[in-house]
Amino acid sequence: MINIESIRQQDNDDQLAHLRDEFLLPPDVIYLDGNSLGALTKRSKNRIAKVTENEWGNDLIHSWNSNHWIDLPSKIGDKIADIIGSERGQVIACDSTSINLFKALACALSINNDRAIVVSQKDNFPTDLYMVQGLSALLGEANCQLKSVASKELEQSLDESVAVLMLTHVNFRSGEIHDMLKLTSLAQQKGILVLWDLAHSAGAIELELDRCNVDFAVGCGYKYLNGGPGAPAFVYASKRHHSNLSQPLSGWMGHRSPFAFEHDYRAGEGMNQFLCGTPNILSMAALDASLEVFELCTMAELRSKSLALSELFIELLEHSHCLNDFVLESPLDTSKRASQVALSHEQAFSISQALIGHKVIVDYREPNIIRFGFTPLYCRFKDVYRAVKILENIIENKLHDQPKYHRRNAVT
């Protein structure tokens, strides 16, 4: 039987409980939105202070060399490589997920240049689809054409006419996980290159990009990696492609010798050729520091706790009769569910706002989804228990019917 005593015992037995002390969290807030923006680490706060006050403030421009600012994209890339199951030297931190997706997709199309079709999922995160549409408008449909299909139709859509299979590993609405190993293998058997978006995977679940023989991947630095709002993203390219890349955003930092200031572009070596403009050092430093927390645990440990948190949440829902109108949109199968649970409800928006008003921070996604993110680095079992109790109170007393919870802001 689930009660507050059993919940306390789960927190007492949690071998990762000490990691919460690495974060700065408001004491009266239940934060279940790390799948949108990770919490601030103490290490990042201290690192930003050091960079601004000492490195920028005192050392000024010399910091590019003396404090190794110029090395941050590769240094961070190697830390992320350890998290996503990649050999070092195949990941670099730079730009945004959208821009990196554009670069990686262009590289894949240039390799498979006798094909033009990019297969993706209809309910993929919109920016992924927009990037293909933008590239198609630039190159023409004869060179790039989006074919979006339902998830259940993906396998049958893979044939010798397809250049690239582009998928988000974890569905941003439901939290459902694609079988990376299976889909990558099926695609490559047809000569298709595979590009994975790891925005809702990296730092949340175990990944093995090298073992799955992935061609390209991109990912986000500000969700589960806790790098801060607008943190640099990352791009992965298997080393087997490094000598055959054609990255179209040929900015000076991607040049083989940027400070030679040559007239013509020569691509850098390895992952450096994915760089474009000058790195944002403040954001890079914050992300670099936040990644140190992952050195204190394993991804297997994080995954185990994440599933325990979401299992508790689902069990509490099942035992609460007043929550029967909610529909579970996430898989019950734990092998297919990432670190979030999605519930649908016809009044999902106002309910999500009422939760936020009662200091349970979740987010809403159209058309009717409330997402509850369970970041194991700082979420506690008592947070899950209290969140469900607050949700019950909102529904039982129809608190979400208040006009203030129906007003929409620019960000949901």
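To be clear, the structure that these remarks concern was listed above.
In this report, we go over the structure that sits alongside the text.

What to know about helix α6 (residues 126-139)
Part 1: Over its 14 residues, α6 runs 20 Å from end to end, which matches the ideal 20 Å to within 8%, given 1.5 Å per residue.
Part 2: Residues of α6 that are buried: T127, D128, L129, V132, L135 and S136.
Part 3: Looking at the packing, one finds that the buried side of α6 touches α5 (97-111), β5 (117-121), β6 (145-149), β7 (162-168) and β8 (193-197).
Part 4: Just beyond α6, the residue with positive phi is G140, at close to 90°.

Notes on the sheet that holds strand β12 (residues 340-344)
Part 1: One open sheet holds the 4 strands; their spatial order is β11-β12-β15-β14, and the pairing between them is antiparallel. The strands lining the two open edges of the sheet, one partner per strand, are β11 (327-328) and β14 (363-365).
Part 2: Looking at chain direction, β14 and strand β15 (residues 369-373) are connected through 3 bridges and run antiparallel. Residue Y364 lies in a different strand from β15, and its bridge partner there is I370.
Part 3: Of the strands in this sheet, β14 and β15 touch helix α10 (residues 348-357), which is tilted by about 35° from β15.

Observations regarding unusual backbone geometry
Part 1: The peptide bond linking E366 to P367 adopts the cis configuration, its omega dihedral lying at 5°.
Part 2: Counting through the fold element by element, P367 comes out in the loop between β14 and β15.
Part 3: Within the chain, N226 stands out as a residue other than glycine whose phi angle is a positive 60°.
Part 4: Note on placement: N226 falls in the loop between β9 (216-219) and β10 (234-237).
Part 5: Overall, the relative accessible area of 3% leaves N226 in the buried class.

Some details on a nonpolar patch on the surface
Part 1: A cluster of nonpolar side chains, contributed by I48, W56, L60, I61 and L282, occupies part of the molecular surface with about 500 Å² of accessible area.
Part 2: Here I48 is to be found in helix α2 (residues 42-59).

Points about the packing of α10 against helix α11 (residues 381-396)
Part 1: As a packed pair, α10 and α11 sit with axes 10 Å apart at the nearest point and diverge in direction by 125°. One finds that α10 runs oblique with respect to α11. Crossing hand, α10 versus α11: right-handed. Packed against α10, whose contacting residues are I351, A354 and L355, the element α11 presents A387, I390, L391, I394 and I395 at the interface.
Part 2: Taken together, the residues that form the contact of α10 with α11 break down as 8 nonpolar, no polar and no charged.

Overview of the packing of aromatic side chains
Part 1: If you walk through the whole model with that rule in mind, you get 10 aromatic pairs.
Part 2: Plain terms: the ring middles of Y31 and Y378 are 6.2 Å apart, the flat faces sit at 35° to each other, and that makes the pair tilted. Of this pair, Y31 sits in strand β2 (residues 30-31) while Y378 is found in the loop between β15 and α11, placing the two residues 347 residues apart along the sequence. As far as the burial class goes, Y31 and Y378 line up, both buried.
Part 3: Grouped by ring-pair contacts, the aromatic residues F23, Y31 and Y378 constitute a single cluster.
Part 4: Its end group placed over the ring of F349, R408 keeps NZ or CZ at 4.0 Å from the ring centre.

Cut-offs used in this document
Residues numbered from 1 in each chain as written. Predicted model: local features only at pLDDT ≥ 70, side-chain atom pairs only at ≥ 80, totals over all residues. Heavy atoms only, no water. Helix = DSSP H or I, 4+ residues; strand = E, 2+ residues; numbered from the N terminus. Expected span 1.5 Å × (residues − 1). Buried < 20%, exposed > 50% of the residue type's maximum accessible area, 1.4 Å probe, protein only. Contact = heavy atoms within 4.5 Å. Pairing = 2+ DSSP bridges. Axes fitted to C-alpha atoms, helices over the stretch in contact; angles between N-to-C directions. Patch = residues over 30% accessible without salt bridge, like charges linked within 9 Å, V, L, I, M, F, W, Y side chains within 5 Å. Areas by Shrake-Rupley, 256 points an atom, 1.4 Å probe, with all protein chains shown as cover. Salt bridge = Lys/Arg side-chain N within 4 Å of Asp/Glu carboxyl O. Parallel < 35°, antiparallel > 145°, perpendicular 65-115°, else oblique. Left-handed = near helix turned anticlockwise from the far one by under 90°. Nonpolar A, V, L, I, M, F, W, Y, C, P; charged D, E, K, R; others polar. Phe/Tyr/Trp six-rings, centres within 6.5 Å; stacked < 30°, edge-to-face > 60°. Lys NZ or Arg CZ within 6 Å of the ring centre and 35° of its normal.

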